[in-house]
Amino acid sequence: MTENGEHWDYCHIEFKLRNKGEELTYGGFRQMWLVFLAYVTGPDKNYQAGESTEIPIPANIIGTAFIPQQANPSHVNIHQNLLNKLGGNGWELLPDKGSTWWERRLRRPVRPPKSKSGWWKYK
């Protein structure tokens, strides 16, 4: 809880490689898709707060890195675009970083849950 009584939701950025159904054991050019995801985890809720655009990564070329590369402008751009989108939704970037460049944490004040009829519930 903050000084003014607010409770916070926290989210963190991860990456995932997606396969869109291509068989990776056969010859020819194959690709995976890199995407950054923002997950909210907490005692009362777990959900995905945002997702970056996907970019292709060659899956069967020797020397391909299967983790995001900070030296790759495409990786950095889609990561930054996700952070910008989250910021526009009220998420605040926290100064602490994870062990890798893409692992970031954000927070925003807890929002009141919507009722099933779509109206906001107030305390």
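Quick notes on the rules
Residues numbered from 1 in each chain as written. Predicted model: local features only at pLDDT ≥ 70, side-chain atom pairs only at ≥ 80, totals over all residues. Heavy atoms only, no water. Core = buried A, V, L, I, M, F, W, Y, C linked by side-chain atoms within 4.5 Å. Buried < 20%, exposed > 50% of the residue type's maximum accessible area, 1.4 Å probe, protein only. Helix = DSSP H or I, 4+ residues; strand = E, 2+ residues; numbered from the N terminus. Contact = heavy atoms within 4.5 Å. Pairing = 2+ DSSP bridges. Expected span 1.5 Å × (residues − 1). Arc of directions from axis to C-beta. Polar contact = N/O pair within 3.5 Å; in protein donor to acceptor, adjacent residues only side chain to side chain. Phe/Tyr/Trp six-rings, centres within 6.5 Å; stacked < 30°, edge-to-face > 60°. Lys NZ or Arg CZ within 6 Å of the ring centre and 35° of its normal.

1. Description of the nonpolar core
Ranked by internal contacts, the top residues of the largest apolar core, which has 16 residues, are Cys11, Ile13, Leu34, Phe36, Leu86, Trp91 and Leu106. Elements with a minimum of two residues in this core: β1 (8-18), β2 (31-41), β4 (55-58) and α1 (73-88). Setting aside its immediate chain neighbours within four residues, Trp91 contacts Asp9, Tyr10, Cys11, Val40, Tyr47, Ala49, Leu86, Leu106, Arg107 and Arg108.

2. Points about the pairing of strand β6 (residues 104-109)
On β6, burial follows the alternation: Arg104, Leu106 and Arg108 on one face are buried, whereas Arg105, Arg107 and Pro109 on the facing-out side are not. For β1 and β6, the ladder comprises five bridges, and the chain directions are antiparallel. Its bridge partner lying in β6, Cys11 is registered against Leu106. In terms of strand pairing, strand β5 (residues 92-97) meets β6 through three bridges, oriented antiparallel. Bridge pairing in β6 places Glu92 opposite Arg107. Where β5 folds back on β6, the antiparallel hairpin that results is connected by six residues.

3. Comments concerning α1
Look at α1: 22 Å from first C-alpha to last across 16 residues, which is about the 22 Å you get at 1.5 Å a residue. For α1, the set of buried residues is His75, Ile78, His79, Leu82, Leu83 and Leu86. End-on, the buried residues of α1 take up no more than an arc of 140 degrees, which puts them together on one face. Seen from the buried face of α1, the exposed residues on the opposite side, beyond 90 degrees, are Pro73 and Gly88. Tucked into the core, α1 has its buried residues touching β1, β2, β3 (46-51), β4, β5 and β6. Put simply, Asn72 is the residue that caps the front of α1, since its side-chain oxygen is 2.9 Å from the backbone nitrogen of Ser74. Looking at the residues trailing α1, positive phi occurs at Gly90, about 95 degrees.

4. Observations regarding the packing of aromatic side chains
For any pair of aromatic rings, the description rests on two quantities: the centre-to-centre distance and the angle between the ring planes. Summed over all chains, the structure comprises three aromatic pairs. Judged by centre distance (5.1 Å) and plane angle (85 degrees), the ring pair of Phe15 and Trp102 falls under edge-to-face. With Phe15 in strand β1 and Trp102 in the loop between β5 and β6, this pair connects stretches of sequence that are 87 residues apart. Relative to Trp102, the ring of Trp101 has its centre 6.1 Å away and its plane inclined at 90 degrees; by these criteria the two rings are edge-to-face. Through pairs of rings, three or more aromatic residues link up here, namely Phe15, Phe36, Trp101 and Trp102. Over the ring of Trp8 we find Arg107, and its NZ or CZ is 3.8 Å from the ring centre.

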